[in-house]
Amino acid sequence: MKLKKRRRYLVSQGTHFSLVCPGATLETVITWLKDGELVTSENEPHITIDIFGTLHVAEVSREDEGNYTCFVDNNRVQDAILLTITQTDLFKEGLLRHMAYLGSIFVLSFTCYCAGCFVAWTRRHHFIGYNRISQEEDGD
């Protein structure tokens, strides 16, 4: 069996994360390595591997970053690189600047939309209706 998948995952710290080992069945022997070392519940108490070979990481932290490799019957079938990000990294200056820019565009667009609706409402009596168009066509 050849290496089937190689993926990267970016996970927020404090969340739960699961990695499925492709090709795993109840009859196969599944082994997970983290950075070349065997993953067990003894050396990583917040990491568990269920009977289907799925690796579950509870409360992801910076220490969980690394290269996770899945072996099915001693054949490497998946490499996964786990990277973590803190919640505060999501709200940096660049994101806030873009949010302010998008907010100003939204306010301007909404103002123009409301002004157009107001103008259309006040001039609604000047529009030509379907009945009037039909009468003018019949009159020709």
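Preceding block: the structure.
Computed from a predicted model, the values in this text were never measured in an experiment.

(A) Up close: the overall build of the protein. Across its full length, the protein holds 2 helices and 8 strands. Counting from the amino terminus, helix and strand elements in the protein follow one another as β-β-β-β-β-β-β-β-α-α. Its C-alpha radius of gyration of 30 Å places the protein more than 25% over the 14 Å reference for a compact globule of 140 residues. In terms of principal-axis extent, the alpha carbons of the protein reach across some 90 × 40 × 20 Å. Taking all 140 residues of the protein together, the buried fraction comes to 24%. About 10300 Å² of surface is accessible on the protein, with carbon and sulfur atoms providing 59% of the total. The average position of the 14 basic charges and that of the 18 acidic charges among the side chains of the protein differ by 7 Å.

(B) Expanded view of a nonpolar patch on the surface. Judged by side-chain polarity, Leu95, Met99, Tyr101, Leu102 and Ile105 come together as a nonpolar surface patch covering roughly 500 Å² of accessible area. Take Ile105: it is sitting in helix α1 (residues 93-122).

(C) Broad picture of the environment of Tyr9. Tracing the sequence through the fold places Tyr9 in strand β1 (residues 5-12). Among residues more than four places away in sequence, those in contact with Tyr9 are Phe17, Leu19, Gln78, Ala80, Ile81, Leu82 and Leu83.

Parameters and conventions
Residues numbered from 1 in each chain as written. Predicted model: local features only at pLDDT ≥ 70, side-chain atom pairs only at ≥ 80, totals over all residues. Heavy atoms only, no water. Helix = DSSP H or I, 4+ residues; strand = E, 2+ residues; numbered from the N terminus. Rg over C-alpha atoms; globule rule 2.2 N^0.38 Å. Buried < 20%, exposed > 50% of the residue type's maximum accessible area, 1.4 Å probe, protein only. Areas by Shrake-Rupley, 256 points an atom, 1.4 Å probe, with all protein chains shown as cover. Lys, Arg positive; Asp, Glu negative; His and termini not counted. Charge placed at Lys NZ, Arg CZ, Asp CG, Glu CD. Patch = residues over 30% accessible without salt bridge, like charges linked within 9 Å, V, L, I, M, F, W, Y side chains within 5 Å. Salt bridge = Lys/Arg side-chain N within 4 Å of Asp/Glu carboxyl O. Contact = heavy atoms within 4.5 Å.

What is shown is where atoms sit, not what they do.
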